[in-house]
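Structure assessment
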Amino acid sequence: MSETDSISAASNQISTIISRIRDAVITDEQFLETVVSGLLARGHVLLEDVPGTGKTLTAVALADALNLEFNRIQFTPDLLPSDITGSQIYNEQAGEFRFQRGPVFANIVLADEINRAPPKTQSALLEAMDEGQVTVGGTTYELPDPFFVIATQNPIEQEGTFRLPEAQRDRFVVKTSLGYPDRDGEIELLSRREDRTTKLPTVDPVVDAEQVSTLRQLPEQVRMDAELKGYLVDLVRESRADSRVDVGVSPRGIQRFFEAARARAVIRGRDYVTPDDIKTIALPVMTHRLVLTSEAAIQDVDAATIVAEVLESVPVPGATGEA
């Protein structure tokens, strides 16, 4: 099978995955495509949303569709790093310590309300995200492959929380949100809850762990023409030049932008990136990486507005290949 055929087949699989998740979760397709882009880009996803919008259900449905092991970690102020990674437990019968794996040892980990735990505990998870491994008692343990973290935080309640530092937010390929369902979606929610004996929707597996690992390799086969690389870099540099931005997207962030755009092309069944791939993924990739000045905060300017203005101001190169 050629690379193009492989990507086309993968696109069909991804469409089926998204369709099955939407049967269980009331959300829009673009949100799920953004989450899957983070997965394909071998990164992790940060969801910033108010409670009750379906973040946990989305993560569970994704794990079911991918046939992957799922764990949920509720972050609280008293959560310790060992509560995530695991710890050495003394076995009296054997007279030795053995490692008790923590909940981070799963294919998909939901880090719920990550900003409620202190920085030391946050760092334990973020180290695992970066390295794909944890070190306990001087011994290193490999995490499962694939390994994918969906972290959530509530943008409204800030009391008793620990804001993720910029360097840690940079570890997430994309940041997105479900938002509220539309009117029809909320009516559908009521219809599903009308019969209290009805169980939560189940999601049948579409792929398995080995196939997920294969899917995550496909963006490496996607090409981005030189003029589109220039366009991507120009978007980032223009955002850094904005007087309302104190710290812009890092060089590592540019690489994540590149990877996410190629993942988006795979979802669309192409082995090449178009300007639309870059424009579509720009907001989820860039907004959480911009640190605004205090003056911008006073003027109630947000990063999404700046990215939208940058997308309007930077000339789009001619499309390459077929859309």
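Note that this is a predicted model, so its numbers are computed, not measured. (Residues numbered from 1 in each chain as written. Predicted model: local features only at pLDDT ≥ 70, side-chain atom pairs only at ≥ 80, totals over all residues. Heavy atoms only, no water.)

1. Notes on the overall build of the protein
To keep it simple, the criterion reads: Working definition: helices are DSSP H or I runs of at least four residues, strands are E runs of at least two. Numbering for both runs from the N terminus. Burial status follows relative accessibility: with a 1.4 Å probe on protein chains alone, a residue under 20% of its type maximum counts as buried, one over 50% as exposed, and anything between as partly exposed. Per-residue accessibility takes into account occlusion by the displayed protein chains alone, with areas from the Shrake-Rupley method and a 1.4 Å probe. Two residue types count as positive, namely Lys and Arg, and two as negative, namely Asp and Glu; His and chain ends fall outside the count. A charge is said to be at NZ when it belongs to Lys, at CZ for Arg, at CG for Asp and at CD for Glu.
Scanning the protein from N- to C-terminus turns up 13 helices and 11 strands. Dimensions of the protein, computed from the C-alpha atoms along their principal axes, are close to 70 × 50 × 45 Å. The burial tally for the protein puts 47% of its 323 residues in the buried class. As presented, the protein carries roughly 15,900 Å² of accessible surface, and 47% of it is formed by carbon and sulfur atoms. Side chains of the protein carry 32 positive and 51 negative charges; the gap between the two charge centres is 1 Å.

2. Looking at the side chain of Arg-270
Let me state the cut-off plainly: Any N or O atom pair separated by 3.5 Å or less is treated as a polar contact, with the protein-specific requirement of one donor-capable and one acceptor-capable atom, and with residues adjacent in sequence counted only for side-chain atom pairs.
Inspection of the secondary structure assignment puts Arg-270 in the loop between helix H10 (251-267) and helix H11 (275-286). One polar contact links the side chain of Arg-270 to the main-chain carbonyl oxygen of Tyr-272, over a distance of 2.9 Å.

3. Comments concerning the pattern of salt bridges
Rules: One side-chain nitrogen of Lys or Arg within 4 Å of one carboxyl oxygen of Asp or Glu is enough to make a salt bridge.
For the structure on display, the rule yields 16 salt bridges. Linking Glu-48 and Lys-175 is a salt bridge whose minimum nitrogen-to-oxygen distance equals 3.4 Å. Of this pair, Glu-48 sits in strand E1 (residues 45-48) while Lys-175 is found in strand E9 (residues 174-176), placing the two residues 127 residues apart along the sequence. By relative accessible area, Glu-48 is classed as partly exposed at 25%.

4. Things to note about the packing of aromatic side chains
Basically, it comes down to this: Between 30 and 60 degrees the pair is tilted, below 30 it is stacked and above 60 it is edge-to-face, where a pair is any two Phe, Tyr or Trp rings, Trp via its six-membered ring, whose centres lie within 6.5 Å.
In this structure the tally under the stated criterion is 2 aromatic pairs. Their ring planes at 70° and their centres at 5.8 Å tell us that Phe-99 and Phe-105 sit as a pair that is edge-to-face. Judged by relative accessible area, which is 7%, Phe-105 ranks as buried. With a centroid separation of 3.9 Å and an interplanar angle of 10°, the aromatic rings of Phe-99 and Tyr-141 are classed as stacked. Highlighted residues: Phe-99 in strand E4 (residues 96-101) and Tyr-141 in strand E7 (residues 139-142), separated in sequence by 42 residues. Cluster of aromatic residues (ring-pair linked, three or more members): Phe-99, Phe-105 and Tyr-141.

5. Some details on the confidence of the model for the protein
Caution applies to low-pLDDT regions: their predicted coordinates should not be interpreted in detail. The criterion, for reference: Note: pLDDT gives the predictor's confidence per residue, expressed from 0 to 100. Contacts are residue-level and defined by heavy atoms, with any inter-residue pair within 4.5 Å sufficient.
Per-residue pLDDT for the protein has a mean of 89; in total, 94% of the residues score no lower than 70. Every residue in residues 319-323 scores below 50 in pLDDT, and together they form 12 contacts with partners more than four places removed in sequence or on other chains.

6. Concerning the packing of helix H9 (residues 226-241) against H11
Short version of the rule: As a rule, the C-alpha atoms of each element are fitted with a line to give its axis, helices using only the stretch in contact, and angles between N-to-C directions run from 0 to 180 degrees. With respect to orientation, any angle under 35 degrees is reported as roughly parallel, any angle over 145 as roughly antiparallel, any angle of 65 to 115 as roughly perpendicular, and every other angle as oblique. For any helix crossing, the convention is left-handed if the near helix is rotated counterclockwise from the far helix by under a right angle, and right-handed if that rotation is clockwise. Three classes are used, and their members are as follows: Ala, Val, Leu, Ile, Met, Phe, Trp, Tyr, Cys and Pro are nonpolar, Asp, Glu, Lys and Arg are charged, and the others, Gly among them, are polar.
Interaxial distance between H9 and H11 falls to 11 Å at its minimum, and their mutual angle equals 30°. In terms of orientation, H9 lies roughly parallel with respect to H11. Once H9 is placed against H11, the crossing between them reads as right-handed. Touching Leu-228, Tyr-231, Leu-232, Leu-235, Val-236 and Ser-239 of H9 are Pro-275, Ile-278, Lys-279 and Met-286, all from H11. Considered class by class, the residues forming the contact of H9 with H11 number 8 nonpolar, 1 polar and 1 charged.

7. Observations concerning the nonpolar core
Selection rule: We call a set of buried Ala, Val, Leu, Ile, Met, Phe, Trp, Tyr and Cys residues a nonpolar core when their side-chain atoms join them within 4.5 Å.
Counting 68 residues, the largest nonpolar core has Leu-62, Leu-66, Phe-257 and Ile-278 as its most contacted members. Element by element, the count of residues in this core is highest for H10, at 8 residues. Look past the residues within four positions of Ile-278 in its chain and what remains in contact with it is Met-224, Leu-228, Tyr-231, Leu-232, Leu-235, Phe-257, Ala-261 and Val-273. Judged by nonpolar contacts, the second largest core, of 26 residues, contains Ala-111, Ala-117, Val-136 and Tyr-141.

8. Quick notes on the environment of Ile-7
The residue Ile-7 is located in helix H1 (residues 3-24) in this model. Once the C-alpha coordinates of Ile-7 and Met-286 are considered, the two residues, 279 residues apart in sequence, prove to be 26 Å apart. Every residue in contact with Ile-7, bar those within four places of it in the chain, is listed here: Leu-218, Gln-221, Val-222, Val-266, Gly-269, Arg-270 and Asp-271.

9. Some points on the environment of Leu-218
With respect to the element layout, Leu-218 can be found in the loop between helix H8 (209-217) and H9. Distance from Leu-218 to Ala-111, taken between C-alpha atoms, is 27 Å for residues 107 residues apart in sequence. Beyond its immediate sequence surroundings of up to four residues, Leu-218 is in contact with Ser-6, Ile-7, Ala-10 and Val-266.

10. Details of the packing of H11 against helix H13 (residues 303-313)
Geometry of a packed helix pair, given as the angle between the helix axes and the separation of the axes. Following both chains from N to C, one finds H11 and H13 inclined at 150°, their axes separated by 10 Å at the closest point. By the angle between their directions, the pair H11 and H13 is classed as roughly antiparallel. For the pair H11 and H13, the crossing hand works out as right-handed. Two secondary-structure elements touch here, H11 through Lys-279, Ala-282, Leu-283 and Met-286 and H13 through Ala-304, Val-307 and Leu-311. Counted by class, the contact of H11 with H13 contains 6 nonpolar, no polar and 1 charged residues.

11. Details of helix H3 (residues 55-66)
Definition in use: Helix span, as expected, comes to 1.5 Å for every residue beyond the first.
Compared with an ideal rise of 1.5 Å per residue, which puts 12 residues at 16 Å, H3 spans 17 Å between its outermost C-alpha atoms and is within 8% of the ideal. Along H3, the residues that are buried comprise Lys-55, Thr-58, Ala-59, Ala-61, Leu-62, Ala-63, Ala-65 and Leu-66. Downstream of H3 by one or two residues, Asn-67 has phi in the positive range, about 60°.

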